[in-house]
Amino acid sequence: MNKKSFRITESWEANAEEWIRLLERDGIASRQFTNTAILEAVNSYNLKSVLDLGCGEGWLTRVLSTNENRVVGIDSTEALLKNARLKGSQNFYKITYEEIINGKEIPENPFEALVLNFCLYQNEQVSALLQSLKKALLKSGLVFIQTLHPSFLIQNNLPYKSQWIEDSWKGLKGNFVHPHSWYARTLKDWMNTFNKSNYELLDIKEVINEKGTPLSIIFILRND
């Protein structure tokens, strides 16, 4: 595990309980838009098996689950997975992105779709992860990625270029500690990442709030 990956893991382990408390009190206003958007994107396809990567405390895994499909959650933070198992009956597994990249098999594969909802923080590791995930995805299977809109850079008076952002918890209401850095990409660099990983881009959905401000972007990919 490289130094940045270690800091991400360490940061989530330190902040898991605070994150759960934040979600339970609906402490992130933008989620009324971004949660709805990722649900609508995934549910617009008739999917029988879905893998929720970086599932955290499992809200998306639970909401996507029906009597007609199978949804599995994966995360690397045990405290979040413990909470997920208390709240839902779905299967949750502890696996890190590094383990997936290094060849660890994902349980219950293959899946018709993979969802990565606000959980891609790295630079080069993202392309390696997407390539490794092909082994858990059916041919022509789908990948849904929701991340902060690239206009985040301009909104925060930063140059419009891909770069590391230092404070992952900035702006959240809570007693968060040990922030980790995360890699913000331009739209062009997201496209380059998907091309490098051999996925076909099917669609892009931009999530806008009531003021017309871009919040996030959802990429829908197909296993090529």
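One can find the structure itself at the top, above this paragraph.
Reading guide: rules and limits
- Residues numbered from 1 in each chain as written.
- Predicted model: local features only at pLDDT ≥ 70, side-chain atom pairs only at ≥ 80, totals over all residues.
- Heavy atoms only, no water.
- 1 Å grid on protein atoms, 1.4 Å probe; cavity = no way out; pocket = protein on both sides within 12 Å on 5 of 7 lines; lining within 4 Å.
- Points joined across faces, edges and corners; volume = space filled by probe spheres on them.
- Helix = DSSP H or I, 4+ residues; strand = E, 2+ residues; numbered from the N terminus.
- Nonpolar A, V, L, I, M, F, W, Y, C, P; charged D, E, K, R; others polar.
- Buried < 20%, exposed > 50% of the residue type's maximum accessible area, 1.4 Å probe, protein only.
- Pairing = 2+ DSSP bridges.
- Axes fitted to C-alpha atoms, helices over the stretch in contact; angles between N-to-C directions.
- Contact = heavy atoms within 4.5 Å.
- Patch = residues over 30% accessible without salt bridge, like charges linked within 9 Å, V, L, I, M, F, W, Y side chains within 5 Å.
- Areas by Shrake-Rupley, 256 points an atom, 1.4 Å probe, with all protein chains shown as cover.
- Salt bridge = Lys/Arg side-chain N within 4 Å of Asp/Glu carboxyl O.

Chemist: Tell me about empty space enclosed by the protein, residues and numbers included.
Modeler: For the structure shown, the criterion picks out 1 cavity of 30 Å³ or more. Approximately 70 Å³ is the volume attributed to the largest cavity. Taken together, Leu120, Thr147, Leu148, His149, Pro150, Phe152, Trp182, Tyr183, Ala184, Arg185 and Trp190 make up the full set of residues lining the largest cavity. Listed by contribution, the elements that provide at least two residues to the lining of the largest cavity are strand S5 (137–148) and strand S7 (182–184). Of the residues in the lining of the largest cavity, the class split is 8 nonpolar, 2 polar and 1 charged.

Chemist: Tell me about unusual backbone geometry, and please be specific about residues and values.
Modeler: Between Asn109 and Pro110 the backbone carries a cis peptide bond, its omega angle lying at 5°. Look at Asp26: it is not a glycine, yet its phi comes out positive at around 50°. Positionally, Asp26 belongs in the loop between helix H1 (3–24) and helix H2 (31–43). The phi dihedral of Ser140 falls on the positive side, at around 70°, and the residue is not glycine. Tracing the chain through its elements places Ser140 in strand S5.

Chemist: Go over the environment of Lys82 with me, naming the residues and quoting the values.
Modeler: Assignment of secondary structure puts Lys82 in helix H4 (residues 78–87). Assessed through its relative accessible area of 55%, Lys82 is described here as exposed. Spatially, the C-alpha atom of Lys82 lies 7.7 Å from that of Glu57, the residues being 25 residues apart in sequence.

Chemist: So what's going on with the layout of surface pockets? Residues and values would help.
Modeler: Estimated volume of the second largest pocket: approximately 150 Å³. Around the second largest pocket, the lining residues are Leu22, Leu23, Asp26, Gly27, Ile28, Ala29, Arg31, Gln32, Asn35, Glu57 and Trp59. Going through the elements one at a time, H1 and H2 are the ones with two or more residues in the lining of the second largest pocket. Across the lining of the second largest pocket, the residue classes break down as 5 nonpolar, 3 polar and 3 charged.

Chemist: So what's going on with the sheet that holds strand S3 (residues 91–94)? Which residues, and what values?
Modeler: An order of S3-S2-S1-S4-S5-S9-S8 is seen for the 7 strands of this open sheet, with the pairing classed as mixed. Two strands bound the open sheet, and with one partner strand each, they are S3 and strand S8 (199–208). Averaged over all pairs of adjacent strands, the angle between their axes in this sheet comes to 20°, without regard to strand direction. Of the strands in this sheet, strand S2 (70–75) and S3 are in contact with H4, which crosses S3 at around 170°. Where helix H8 (residues 187–196) meets the sheet, it contacts S5, S8 and strand S9 (214–223), and its direction lies at approximately 20° from that of S9.

Chemist: Any chance you could break down the environment of Ser151 for me, citing the residues and the numbers?
Modeler: By secondary structure assignment, the location of Ser151 is in the loop between S5 and helix H7 (152–155). Linking Ser151 and Glu78, residues 73 residues apart in sequence, is a C-alpha distance of 33 Å.

Chemist: Residue-level account of a nonpolar patch on the surface, with values.
Modeler: On the surface, a cluster of nonpolar side chains totalling about 410 Å² of accessible area is made up of Ile154, Tyr160, Leu187, Leu201 and Ile204. Along the chain, Leu187 turns up in helix H8.

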